[in-house]
Structure formats: structure tokens, C-alpha cells
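Residue-level structural notes
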Amino acid sequence: MQNNNILEFSGVRLDALSDRVTIMSHINLCIGTGELVFVLLEADGEYMPLCDLAEGLIDPDEGSVTFMGESWQGMLPWRQSEMRGKIGRVFERDGWVSNLNIYENISLSERHHTSRTNSEIKAEIEQLCQFVGLPSIPDQRPDFADMSVLRRSEWVRAFIGNHNLLLLECPENSAHSEHLPKLFELVSNALLKHSAVIWITSNKQIWEMTTFKNTRRYKMCGGQVLQVGEGQ
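Read on for an overview of the structure. (Residues numbered from 1 in each chain as written. Predicted model: local features only at pLDDT ≥ 70, side-chain atom pairs only at ≥ 80, totals over all residues. Heavy atoms only, no water.)

Brief notes about the overall build of the protein chain
- Looking only at helices and strands, one finds 7 helices and 10 strands in the protein chain.
- Here the C-alpha radius of gyration of the protein chain, 17 Å, is about what a compact globule of 232 residues would show, namely 17 Å.
- Taking the principal axes of the C-alpha coordinates as reference, the protein chain spans close to 45 × 40 × 35 Å.
- Counting only contacts in the protein chain whose residues sit at least 6 apart along the sequence, the fraction spanning at least 24 positions is 68%. (Helix = DSSP H or I, 4+ residues; strand = E, 2+ residues; numbered from the N terminus. Rg over C-alpha atoms; globule rule 2.2 N^0.38 Å. Contact = heavy atoms within 4.5 Å.)

Structural data, given as C-alpha cells:
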């Protein structure tokens, strides 16, 4: 494995966790620093837990998932937690801790995994909130927030700090079209800082975008992740 590889799936197979989760097989995928991988979901497909595998939240039934040169299956729990601090994520669904307000959710990982001061973290959150069009840091519970506010707050949570890997599950969903250029800019800036990005989407227009360099495109097909065309 080359030193610039951030994430690698090697011969991964995942049996169905439930009737609503896609069976996955023969997943071989490697993503390096500053690379963006788009994955187009199948129409009307079930939930695809690619990001759960990438983050070591579930183990494959066969094969291995390696992050920053270490297999998730071989890490002790404290090490897994430490490594997840290097990952930012936008969840397709159910990505909030319900008993924390939005600000507490956004700042949680930075407070837990870094030595940054609370004031430094809050200042960056304020800056990012303004960048994505939120006039102030949302402080209500997630259950009471407007979906557009909640989605942009997820962007802030994913992109705060410096992450080696960004996992974006349909981050465009529930966002107003006028806010999407800010998402694209966040992704571009992350790539310039050498983050690796996986962007999963069911939107073919998003998947076909030529905005970003160093991009590869894949399609889900029958539980397999198949590359389409050449990298740009």
C-alpha cells in the first residue's frame, strides 16, 4: 500500500444486515490524498453501508477495510475511536445525537479528539455557519430544526477542522439549490488540503459534475461498486 493511500477496500463482502440494506460483494476500492470518488446509487436501491464500512462501524463478512494503513478489524477500541476523529461525515439519515443541541453536535468531535480550545472551535463554527448561509450557530435540538438548516449544519460538522477522510452520503439532499455552490467550495477546499473524499449520491447531475479535479466515478450495480470511465 502506498503512503498516500487513505482508504482501501480489499475483497470486501457484506451480507444483508436487514431487508433494507444492500448486500455488497467484490468491493475493491482505493482512495488517496486529494482524491474524490463519486458513487452513484442504484435507482430505488436499499441503503448502502459503504461509509459505515469505511469508518469501521461494521465489519465486512469477508475482506478488509484499511484506513491510514491500519485495518479496522485489527484496531483496539480506543484506537478506532482515535482514528474516527480523522474522519468527517455527512450522514444520509439519523446522524445526530438527539439529546445534544446542534452546536454541541457540531463541536463534539473537535472537543473530544483535538486539543483546541472551546473558543477556537466556536470561532471556526461561526465562520463556517456564515459561509453556508446560516446567520448564527443553530442551538436548538436537531428534531426542531428546519431540514435545510440541519443539512447545512451537517456540512459544518463534517468540514470543521482538518480531516484525512470525508464521507458524504447524499449531502445535497434537503439543501436548497442556492446553497449547493458553498458545498462544492467546501469540497474543493478539502481536496486542496489533501483530504480524500467519498461522495455518494442518487443525483446523476451531481455524479457527472466536472467541477473537481482528480475525480473517479463509480456506480453501484447489483451490490458491486464498478468504476466508470477514467479519472480526471
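Moving on, there is more to tell.
Examining the nonpolar core
- Core analysis: the largest hydrophobic core is formed by 38 residues, its most contacted members being F159, W199 and F212.
- Broken down by secondary-structure element, the contributors of at least two residues to this core are β3 (36-40), α3 (102-113), α4 (118-131), α5 (147-159), β7 (165-169), α6 (180-192), β8 (196-201) and α7 (204-207).
- In terms of residue count, α6 provides more of this core than any other element does, 7 residues in total.
- In this structure, M24, V65, L167 and I198 belong to the second largest nonpolar core, which totals 32 residues. (Core = buried A, V, L, I, M, F, W, Y, C linked by side-chain atoms within 4.5 Å. Buried < 20%, exposed > 50% of the residue type's maximum accessible area, 1.4 Å probe, protein only.)

What about the side chain of E154?
- Secondary-structure assignment places E154 in helix α5.
- For E154, the contacting residues outside a window of four places in its chain are R89, V90, F91 and W96.

Section: the sheet that holds strand β1 (residues 5-14)
- One open sheet accounts for 4 strands, arranged β2-β1-β4-β5; its pairing is antiparallel. Because the sheet does not close on itself, it has two edges, and the strands there are β2 (24-32) and β5 (70-71). (Pairing = 2+ DSSP bridges.)

Some words on the side chain of T201
- Along the chain, the position of T201 falls in strand β8.
- Accessibility expressed as a relative area gives 0% for T201, which makes it buried.
- Within the local environment of T201, its side chain forms a polar contact with the backbone nitrogen of N203, the two atoms lying 2.9 Å apart.
- Each residue touching T201, except ones within four places of it in the same chain, is listed here: V39, L40, L41, C170, E172, I206 and W207. (Polar contact = N/O pair within 3.5 Å; in protein donor to acceptor, adjacent residues only side chain to side chain.)

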